[in-house]
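# Observations on chain architecture
Below, each chain spelled out in residue letters.
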Amino acid sequence: MLYIHIPFCEKKCGYCAFASVAGARELYRPYCTALLEELSRLPRRQLSTLFFGGGTPTSLPTDLLCELLDFIRQHFSFAEEAEVSMEANPGTVSFESLRRLRLAGVNRISFGVQSFDDDELRVLGRIHNAEEAREAVRMARDAGFDNLSLDLMYGLPDQDTQAFDFSLHCALELHPRHISLYQLTPEEGTPLFTALENGRLTLPGEEDIIAMDSLVNRVTAEAGFEHYETSNYALPGYRCRHNIRYWHNEEWFAAGAAAVSYVQGCRERREENPWHYIEKITAGEDAVVERESLDREASFRETVIMGLRMMEGVDLSELQCRFHLEPRQYYGGVLQKLMEQGLVERTPTHLKLSPAGHSFANIVMAELV
Ligand code: SF4
């Protein structure tokens, strides 16, 4: 399992607090050279999943992406039926680029669409409009992508349930195999946050959000999607295998600016600034700026918290096998209280959030962290 971070975007969206910089085209080549160097330092092994995230991986010229993919195939090799995912922005792809990526081994593409309303897209500061998003999906299909995911956001400024319903139906009309649905969370320091603070924009109220939540559950279920993780819905056979391993808190390798890896109980976070990342790797140094070794109990708690994001919950026998710990014994009264409040449920095999628990997931996680 390998994650590669591409920290570039064409333009910074108004709500974005992710590790990405806009317009740094002069860094594309040196960044890829540094990535190849960092990748060459990782132990050779077979990958069952590979994920290019960002930023916008498809901001990079396709030649560079293909170079990275070729190197990865040689250095690591792919397991049979390995999942190779790439995040993409509809404003940064062409039929030709998608065809080349598909031929180079990418077999799952995830488009950040966010909305099918052009006014909402403008408010978010996206570089594409709704028609360009539709066209990107059509091109991806023609280029051979069957495993296609769309990201949508809800709870957007001035959005009502009807407007979100429109976007959700537009997304489903494109027949994605997977949908990620995120409620907009204004992040301090972003232009959107400032606009909300100044009262230039307003977010929908709690009742609207509850209505949008239930709309999501109803509409996706009617379309045959399984709700398998807090924000993720998939047709049977199309769950994101890479992210599932992440939610199961399994080991993963990572490379690139801001990338976080988790290997042998040690979490490592890399230099976020791409200029500094390139400098460090080019100088033969390590790009890791933070290293945290998790002991058995800390790993256990993380595995519980990550696993509760999955609708099926955490497998109790797996917890026993990995950590020799049982949640009820470990958490004692804290877990008992959450169960009595109806937020957490225990089945014979799993510990999971109840439907009410999913609505108050942050509170539950804070108790169990
Ligand atoms: S495309 Fe994604 S990563 Fe890039 S600025 Fe927009 S939200 Fe952030």
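Every value quoted in this text rests on a predicted model; they were computed, and no experiment measured them. (Residues numbered from 1 in each chain as written. Predicted model: local features only at pLDDT ≥ 70, side-chain atom pairs only at ≥ 80, totals over all residues. Heavy atoms only, no water.)

## With respect to the overall build of the chain
Applied cut-off: Helix and strand assignments come from DSSP, with helices taken as H or I runs of at least 4 residues and strands as E runs of at least 2, each series counted from the N terminus. In this treatment the radius of gyration is a C-alpha quantity, and the globule benchmark scales as 2.2 Å times the residue count to the 0.38 power. Working rule for contacts: check all heavy atoms of both residues, and any pair within 4.5 Å makes them a contact.
The number of helices and strands found in the chain is 16 helices and 17 strands. Against the compact-globule benchmark of 21 Å for 369 residues, the chain has a radius of gyration of 21 Å, which places it among compact chains. Along the three orthogonal principal directions, the C-alpha set of the chain runs to about 55 × 50 × 40 Å. Taking the intrachain contacts of the chain between residues at least 6 apart in sequence as the baseline, contacts between residues at least 24 apart amount to 69%.

## Quick notes on the domain arrangement of the chain
Threshold: Boundaries between domains were set according to an automatic or database domain assignment. Salt bridge, as used here, is a side-chain nitrogen of Lys or Arg placed within 4 Å of a carboxyl oxygen of Asp or Glu. Pairing of N or O atoms within 3.5 Å defines a polar contact, subject to two protein rules: one partner must be a possible hydrogen donor and the other a possible acceptor, and residues neighboring in sequence count only if both atoms are side-chain atoms. Three residue categories are used. Nonpolar comprises Ala, Val, Leu, Ile, Met, Phe, Trp, Tyr, Cys and Pro, charged comprises Asp, Glu, Lys and Arg, and polar comprises the others, including Gly.
Taken domain by domain, the chain consists of domain 1 (2–247) and domain 2 (297–368). Centre-to-centre separation of domain 1 and domain 2, based on C-alpha positions: 29 Å. Listed per partner, the contact involves nine residues of domain 1 and seven residues of domain 2. Where Glu 229 meets Arg 309, a salt bridge forms, and the shortest distance between an N and an O atom there is 2.5 Å. Viewed at the interface, domain 2 and domain 1 are joined by four residue pairs in polar contact (both at pLDDT 80 or more). Classifying every residue of the side of domain 1 that touches domain 2 gives four nonpolar, three polar and two charged.

## Details of the pairing of strand β5 (residues 78–88)
Our working rule: Buried, partly exposed and exposed residues are distinguished by accessible area as a fraction of the type maximum, computed with a 1.4 Å probe on protein chains only: under 20%, between the cut-offs, and over 50%, respectively. Call a crossover right-handed when, viewed with both strands pointing away from you, the route from the first strand across the helix to the second goes clockwise.
A large share of β5 lies buried, amounting to eight of its eleven residues. A crossover links strand β4 (residues 47–54) with its parallel partner β5, the connecting element being helix α2 (residues 62–75), and its sense is right-handed.

## What about the packing of helix α11 (residues 296–307) against helix α12 (residues 316–323)?
Cut-off, in case you're wondering: Orientation is described by axes fitted as lines to C-alpha atoms, over the contacting stretch for helices, and by angles from 0 to 180 degrees between their N-to-C directions. Oblique is the label for any angle not covered by the other classes, which are roughly parallel (under 35 degrees), roughly antiparallel (over 145) and roughly perpendicular (65 to 115). By convention the crossing between two helices is left-handed if the near helix lies anticlockwise of the far one by an angle smaller than a right angle, and right-handed if it lies clockwise.
At a minimum axis separation of 11 Å, α11 and α12 run at an interaxial angle of 160°. Classified by the angle their axes make, α11 and α12 are roughly antiparallel. Considering how the two elements wind past one another, α11 and α12 form a crossing that is right-handed. Contacts between α11 and α12 involve Arg 296, Ser 299, Phe 300, Thr 303 and Val 304 from the first element and Leu 319, Arg 322 and Phe 323 from the second. Tallied by class, residues from the contact of α11 with α12 come to four nonpolar, two polar and two charged.

## Quick word on the packing of aromatic side chains
Here is the rule: Centre distance within 6.5 Å is the pairing criterion for rings of Phe, Tyr and Trp, where only the six-membered ring of Trp is used; planes under 30 degrees apart are then read as stacked, over 60 as edge-to-face, and the remainder as tilted. Distance and angle both matter: a charge sits over a ring if NZ of Lys or CZ of Arg is within 6 Å of the ring centre and within 35 degrees of the ring normal.
Going through the model one piece at a time under the given rule, you end up with twelve aromatic pairs. Ring plane angle 65° and centroid distance 6.1 Å describe the contact between Tyr 228 and Trp 247, whose orientation is recorded as edge-to-face. You can see Tyr 228 sitting in strand β9 (residues 226–229) and its partner Trp 247 sitting in helix α9 (residues 241–247), a full 19 residues away along the chain. For Trp 247, a relative accessible area of 6% corresponds to the buried category. A ring pair is formed by Tyr 246 and Trp 252, whose centres lie 5.0 Å apart and whose planes are at 70°; its orientation type is edge-to-face. Among the residues examined, Tyr 246 registers a relative accessible area of 34% and is labelled partly exposed. Overall, the relative accessible area of 8% leaves Trp 252 in the buried class. A connected cluster of aromatic rings, assembled from ring pairs, spans Phe 8, Tyr 28, Tyr 31 and Tyr 277. The lysine or arginine in question, Arg 102, covers the ring of Phe 145, its NZ or CZ lying 5.9 Å from the ring centre. Above the face of the Tyr 238 ring, Arg 177 is positioned so that its terminal group lies 5.6 Å from the ring centre.

## A closer look at the sheet that holds β9
Put simply, the rule is: Between any two strands, at least two bridges found by DSSP are needed for them to pair.
Pairing within the open sheet is mixed, and its nine strands lie in the order β9-β10-β8-β7-β6-β5-β4-β1-β11. Strands with a single pairing partner mark the edges of an open sheet, and in this sheet they are β9 and β11 (253–255). The sheet shows a mean angle of 20° between the axes of neighbouring strands, taken without regard to direction. Where strand β1 (residues 2–6) meets β4, five bridges bridge the pair, whose relative direction is parallel. Across the sheet, residue Ile 6 finds its bridge partner in β4, namely Gly 54. Where helix α6 (residues 161–173) meets the sheet, it contacts β7 (147–154) and β8 (178–183), and its direction lies at approximately 175° from that of β7.

## Examining the sheet that holds strand β15 (residues 314–315)
Pairing within the open sheet is antiparallel, and its three strands lie in the order β15-β17-β16. Where the open sheet ends on each side, the last strands, each with one partner, are β15 and β16 (344–346). The pairing of β16 with strand β17 (residues 350–353) spans three bridges and is antiparallel. Among the inter-strand pairings, Arg 346 is bridged to a residue of β17, identified as Leu 351.

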